[in-house]
Amino acid sequence: MNELPYLGALAMRHAWAEREYARLHADIVEARLTARARATEKAAERRARLRARFGGLPLPRRDRPAPHCARAAARSAGAVGLTGGAR
């Protein structure tokens, strides 16, 4: 991957470098796509294991934020309005 910037300049002048640049770039794109697919599969397996293990447990309710968070948000929003800028 470190060769890619150097070959970019050469690719403008030589056909061999242009082909090599394209090959390296394709390898990098393929490696990124493969890594993303593997990470997605691993995350799905992890979620499936957790669901199988803790599937019967009730989930905590998250419909309301904690009261102190709402007060802090209102306080910081009010402070920004009074001073005219961010802290």
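Residues numbered from 1 in each chain as written. Predicted model: local features only at pLDDT ≥ 70, side-chain atom pairs only at ≥ 80, totals over all residues. Heavy atoms only, no water.

Novice: Sorry, what's going on with the overall build of the chain here?
Specialist: Within the chain, the secondary structure is distributed over 3 helices and 0 strands. Accessible area of the chain: about 8,100 Å², with a carbon and sulfur share of 59%. (Helix = DSSP H or I, 4+ residues; strand = E, 2+ residues; numbered from the N terminus. Areas by Shrake-Rupley, 256 points an atom, 1.4 Å probe, with all protein chains shown as cover.)

Novice: Just checking my understanding: could you explain a nonpolar patch on the surface for this structure?
Specialist: A cluster of nonpolar residues, Leu50, Phe54 and Leu57, forms a patch on the protein surface that exposes about 290 Å² of accessible area. Counting through the fold element by element, Leu50 comes out in helix H2 (residues 15-54). Residue classification places Leu50 among the partly exposed residues on the basis of a relative accessible area of 46%. (Patch = residues over 30% accessible without salt bridge, like charges linked within 9 Å, V, L, I, M, F, W, Y side chains within 5 Å. Salt bridge = Lys/Arg side-chain N within 4 Å of Asp/Glu carboxyl O. Buried < 20%, exposed > 50% of the residue type's maximum accessible area, 1.4 Å probe, protein only.)

Novice: Is there a simple way to think about the pattern of salt bridges in this case?
Specialist: One side chain can pair with another of opposite charge once the charged atoms of both are near each other. In total, this model carries 2 salt bridges according to the counting rule given. Taking the shortest distance from any N to any O, the salt bridge between Asp27 and Arg23 comes out at 3.0 Å. Taken together, the residues Asp27 and Arg23, both in helix H2 and 4 residues apart, mark about one turn of the helix. With relative accessibility at 41%, the residue Arg23 sits in the partly exposed group. When salt bridges that share partners are traced, they join Glu20, Arg23 and Asp27 into one network.

Novice: Just checking my understanding: could you explain the confidence of the model for the chain for this structure?
Specialist: Detailed conclusions should not be drawn from predicted coordinates in areas where pLDDT is low. On average, residues of the chain score 76 in pLDDT, and 55% of them are at 70 or above. Taken element by element, the chain is modelled with least confidence in helix H3 (residues 67-83), mean pLDDT 60, and with most confidence in H2, mean pLDDT 90. (pLDDT = per-residue confidence, 0-100.)

Novice: How should I be thinking about a positive patch on the surface in this particular structure?
Specialist: Together, Arg38, Lys42, Arg46, Arg47, Arg49 and Arg51 line one region of the surface with positive charge. Take Arg49: it is sitting in helix H2. Look at Arg49 and you get exposed, because its relative accessible area is 55%. (Lys, Arg positive; Asp, Glu negative; His and termini not counted. Charge placed at Lys NZ, Arg CZ, Asp CG, Glu CD.)

Novice: Mind showing me how you'd approach H2 here?
Specialist: Because the α-helix completes a turn every 3.6 residues, residues three or four places apart line up on one side. Compared with an ideal rise of 1.5 Å per residue, which puts 40 residues at 58 Å, H2 spans 58 Å between its outermost C-alpha atoms and is within 8% of the ideal. When H2 is considered as a whole, its buried residues turn out to be Ala17, Leu24 and Ile28. (Expected span 1.5 Å × (residues − 1).)

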